[in-house]
Amino acid sequence: MKTNLKSIFDFSPTPQDNPVLLRAQYMAFSQQMPMMYFILLSSTWALALTYLHTAPRLLSLGVPCLFTVMCGARILFWLRSRGETPPIATVASTMRRINILGAGIAASFTTWSCVLYPYGDAFQKSHVAFYMAITVISCIFCMMHVRSAALMVTAIVNGTFVVFFASTGHMTLIATAINILLVCFGMLVVLKINYDNFEQMVLAQQKTEALSDENLKLANIDSLTELPNRRAFFHHLDTSFALAQAENHRLAVGVIDLDGFKPVNDLYGHSAGDRLLKDVCSAQSMFLSRLGGDEFAFIISGEVNEITVLAAGNLMGAKLRIPFETPDATIMISASIGIAIYPDVASTPEELFDRADYALYQSKREHRGNGTLFTTKHILEIHRDARVEQTLRQADLANELSVVYQPILDVNSGKAVGFEALARWHSRLLGTVTPAHFIPIAERAGIINMLTKPLLKKALAAAKTWPKDIRLSFNLSAQDINSAEATLGIIAIIANSGFDPHRLDLEITETAIIHDTRRARESVEMLRKIGCGISLDDFGTGYSSLTSLHSLPLTKLKIDRSFVRDIQDSDASYNIVRSLLTLSREMGLDTIVEGVETQAELAVIKALGGTLVQGYVFSRPIQTDSVHAFLNGCVEDSLQQWA
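Each chain carries its own residue numbering, running from 1 in the written order of its sequence. Residue-level local features of this predicted model are given only where pLDDT is at least 70; pairs of side-chain atoms are given and counted only at 80 or more, and the full residue set underlies all totals for whole chains, interfaces and linings. In computing side-chain values, all of the structure's heavy atoms are included and hydrogens and water are not.

**A look at the nonpolar core**
The nonpolar core is taken to be a set of buried Ala, Val, Leu, Ile, Met, Phe, Trp, Tyr and Cys residues, with the residues joined through side-chain atoms within 4.5 Å. Partly exposed describes any residue whose relative accessible area lies between the buried limit of under 20% and the exposed limit of over 50%, with all areas from a 1.4 Å probe on protein chains only and scaled to the type maximum. Residues Leu-392, Tyr-405, Leu-451, Leu-472, Phe-474, Leu-504 and Leu-506 are the most contacted members of the largest nonpolar core, which totals 72 residues. A run of DSSP states H or I qualifies as a helix once it reaches four residues; a run of E qualifies as a strand once it reaches two. Both are numbered from the N-terminal end. A per-element tally of this core places helix 16 (residues 448-463) first, with eight residues. Contacts are assigned to residue pairs with any non-hydrogen atoms lying within 4.5 Å of each other. Ignoring anything within four residues of it in the chain, the contact list for Phe-474 reads Ala-421, Thr-452, Leu-455, Leu-456, Ala-459, Leu-504, Asp-505, Leu-506 and Glu-507. One finds Leu-40, Ile-98, Ala-133 and Cys-184 within the second-largest nonpolar core, a separate group that totals 55 residues.

What follows is the structure, encoded as C-alpha cells:
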C-alpha cells in the first residue's frame with residue numbers, strides 16, 4: 001500500500017528522456033487546456049456575482065477581471081497551438097512552465113476565495129466551498145496527462161481548503177472539506193490508472209512505430225551495403241520519373257555490373273566478396289542502389305546531358321579499377337555501365353530501366369569496363385533483335401540450321417587434327433543471319449539450348465564419317481552446363497549418335513563458368529566421365545581463368561584471337577601468349593591458338609612453341625562435304641593460296 005500511495009502522490013516532472021511520450025502528453029494536454037480555463041472563468045464569475053453586493057468591488061469585480069485577462073490569454077495561446085507540432089525543446093520548456101503556472105493559478109484562485117469568504121452569509125460561504133471543490137475537480141480532470149501539475153494543484157487547493165474550513169469550527173463546512181478531500185483522493189487514484197494506461201499506450205505505439213520503421217528499413221535497405229535495395233530503387237525511380245515529367249526536366253538511369261566479381265567469391269570466399277562490395281559502395285559519392293548480387297543502379301535528375309552522364313559513369317568505372325585491398329589479397333575488378341536518359345529514349349520508368357539494362361548488355365559485349373549510353377541506334381537494334389528472336393522461336397531449326405567446320409592444325413606436321421563446329425542459320429524469312437548476330441540473341445533470350453541440340457546432332461553425324469584420328473570441337477553455352485537436365489540432354493545426344501565421345505572436345509567459355517561455378521563443375525565432371533575432352537574457350541579474356549584451371553577437369557585451353565592479332569608488333573600480346581603457352585605446358589594441357597590470320601602471326605606462334613592452330617591462315621570454315629577433300633589436300637597449298 002505504501003508503494004501505491006507513493007506512486008499516486010508522485011510529483012516528479014514530466015519525463016525528459018522519452019521525447020515521444022513528452023510530445024504525446026503535450027498534444028493531449030493542449031486539447032484540454034481551453035476547457036479548464038473556461039471552467040475556471042465561469043465558476044469565478046458565478047462566485048463573484050454572488051458576492052457582488054457584499055464584498056468590496058476590488059474583490060468582486062477587480063480580481064475576476066484580472067483572472068479573465070489572464071485566462072483569456074492562455075485560452076488564445078492554446079487555441080492557436082492546436083494542430084501544431086513544436087520542436088521537442090519547445091515542448092519540454094512549455095511542460096516545465098505548466099507546473100509553475102499551475103501552482104501560481106491554484107494559489108491565486110484559492111487565496112481569492114479565502115479572502116472573499118468572510119464577506120458572505122451562510123449560503124455565500126457554502127458557494128465558496130462549492131467553488132473550491134468544483135475548481136480542484138475540474139483541474140484534476142483537465143490536467144490528467146500532466147500528473148505533476150494535477151497533483152500540485154490538488155495539494156494547494158485541497159490543503160488550503162481543509163485547513164481553512166477546519167479553522168471555521170463549522171461542522172458542515174468541515175465535513176464538506178473532508179468529503180472533498182476523500183473524493184479528490186479517489187480521483188487521484190483514477191488519474192494514476194488513466195495516466196499509466198495513457199503512458200503504456202504511447203509506449204506501445206512507439207514500439208510499434210519503431211518496429212514498423214525497422215521493417216520498412218529491412219524492406220528497402222540492403223543489409224550488407226546499407227544502400228537502398230531493388231524495391232527502394234524502383235520506388236525512387238517512379239517518384240523521380242513523375243517529378244521529371246511534371247517539371248519537364250531530364251532524368252538518367254544507370255545500371256552497373258561488376259566485371260570479375262564472381263571469381264572473388266569462388267577464390268577467396270563470400271566474406272571477401274562482401275568486403276569488396278562494401279568497399280565498392282564506399283568508393284562512390286553519388287546515389288547508388290544495390291539491385292542484387294554485384295549489380296547496382298543510380299539515378300541522376302535535373303541538368304542531365306549525354307556527355308556529363310557518360311563522364312560520370314566512366315569516372316565510376318575508373319574508380320572501381322583501383323585495386324581493393326583485402327586481408328587475403330589485392331583484388332582488381334572493373335564495372336560495365338549502361339545508361340539511358342529520359343525523355344530521349346524512353347517514355348515510362350520501366351522502359352527507361354530496360355534500356356539502361358540493354359546498354360549494360362552492350363557495354364559488357366563491346367566496351368567491358370566502361371559506360372555505354374543507350375541511343376536511337378540501340379532502338380533499331382532492339383527491334384531487329386526482337387524480330388530475330390521471334391523468328392528463331394518459330395523457325396524449323398532442324399532444317400534451317402547448318403554446321404561448317406574450322407580446321408585445327410598441327411603446325412609441326414602440317415596436318416589437320418580436328419575441326420571446330422560452327423553454327424550457320426539461313427532463315428526462310430530473314431535469309432542468312434550471321435552467328436555473331438543470332439547466337440548472342442539466343443543466349444540473351446534463354447533459348448540457346450534450342451539451337452544446341454540440332455547443331456550437335458548434325459556435327460556428330462558428320463564427324464562420325466571422319467578418320468578415327470580427327471577430333472570434333474563443339475561449343476556449349478552457359479545454359480547447356482548450368483542445369484543437370486540440359487547436361488543430361490547433351491550426354492543423351494552423344495550416346496545416341498554412335499560417335500566416340502573420346503574424340504569430342506566440348507568448348508566452354510569463362511562466362512559460362514562464372515554464371516554458376518559449382519553447377520558448371522558438376523556438369524563438366526559428368527561430361528568427362530563419358531570421355532569427352534573439355535576446352536576452356538577464349539582463355540585470358542575473362543576474370544576467372546586461374547580459378548577455372550584450378551577447379552575444372554580441363555584438357556585444353558584456347559587462346560583468344562584478341563591476343564594473337566598483330567602479335568608480331570605488340571610486346572604485350574607476345575608476352576601474354578608466351579605466358580599462357582608456358583602455363584598450359586606446365587599444367588599438362590594442350591593449347592589451341594585461334595584466330596591466326598597471317599603468316600607473320602603464325603611464325604611468332606611457332607617460335608613461342610605453339611603447335612595447335614586454327615584460323616584463316618589455313619582455311620576459312622568449310623562445308624560438311626568439303627572436309628574429306630581438305631583432309632586429303634595439302635596444307636602448304638592452302639597456305640600459299642591464302643597468302
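Here the narrative resumes.
**Some remarks on the environment of Ala-312**
Secondary-structure assignment places Ala-312 in helix 11 (residues 306-320). Residue Ala-312 is classed as buried on the basis of its relative accessible area, which comes to 19%. In sequence terms Ala-312 and Ile-300 are 12 residues apart; their C-alpha atoms lie 9.9 Å from each other.

**Observations concerning the packing of helix 4 (residues 88-116) against helix 6 (residues 147-166)**
Axes here refer to lines fitted to C-alpha atoms; in helices the fit is confined to the stretch in contact. Angles between the N-to-C directions go from 0 to 180 degrees. Look at helix 4 against helix 6: their axes get within 8 Å of each other, and the N-to-C directions meet at 20 degrees. In this view, helix 4 runs roughly parallel relative to helix 6, as classed from their interaxial angle. Helix 4 and helix 6 meet at a crossing whose hand is right-handed. Facing Ile-98, Asn-99, Gly-102, Ala-103, Ala-106, Ala-107, Thr-110 and Cys-114 of helix 4, the residues of helix 6 in contact are Ser-148, Ala-149, Met-152, Val-153, Ile-156, Val-157, Thr-160 and Phe-164. Roughly parallel refers to an angle under 35 degrees, roughly antiparallel to one over 145, roughly perpendicular to one between 65 and 115, and oblique to any angle outside these ranges. The handedness criterion is simple: a crossing whose near helix is rotated anticlockwise from the far helix by less than a right angle is left-handed, and one whose near helix is rotated clockwise is right-handed.

**Let's talk about the pairing of strand 6 (residues 334-342)**
Within strand 6, nine of the nine residues are buried, leaving the element largely enclosed by the surrounding structure. Every second residue of strand 6 is oriented toward a common face, with Ser-334, Ser-336, Gly-338, Ala-340 and Tyr-342 on one face and Ala-335, Ile-337, Ile-339 and Ile-341 on the other, all of them buried. Only strands that DSSP links by at least two bridges are regarded as paired with each other. As defined by bridge partners, strand 1 (residues 250-259) adjoins strand 6 across nine bridges and the pair is classed as antiparallel. Each residue of the ladder has a partner; that of Gly-254, found in strand 6, is Ile-339. Pairing between strand 6 and strand 7 (residues 371-373): three bridges, direction parallel. Looking at the pairing, Gly-338 lines up with Thr-372 of strand 7. Between the parallel pair strand 6 and strand 7, the chain is carried across by helix 12 (residues 349-366), and the sense of this crossover is left-handed. When the strands point away from the viewer, a crossover counts as right-handed if the path from the first strand over the helix to the second runs clockwise.

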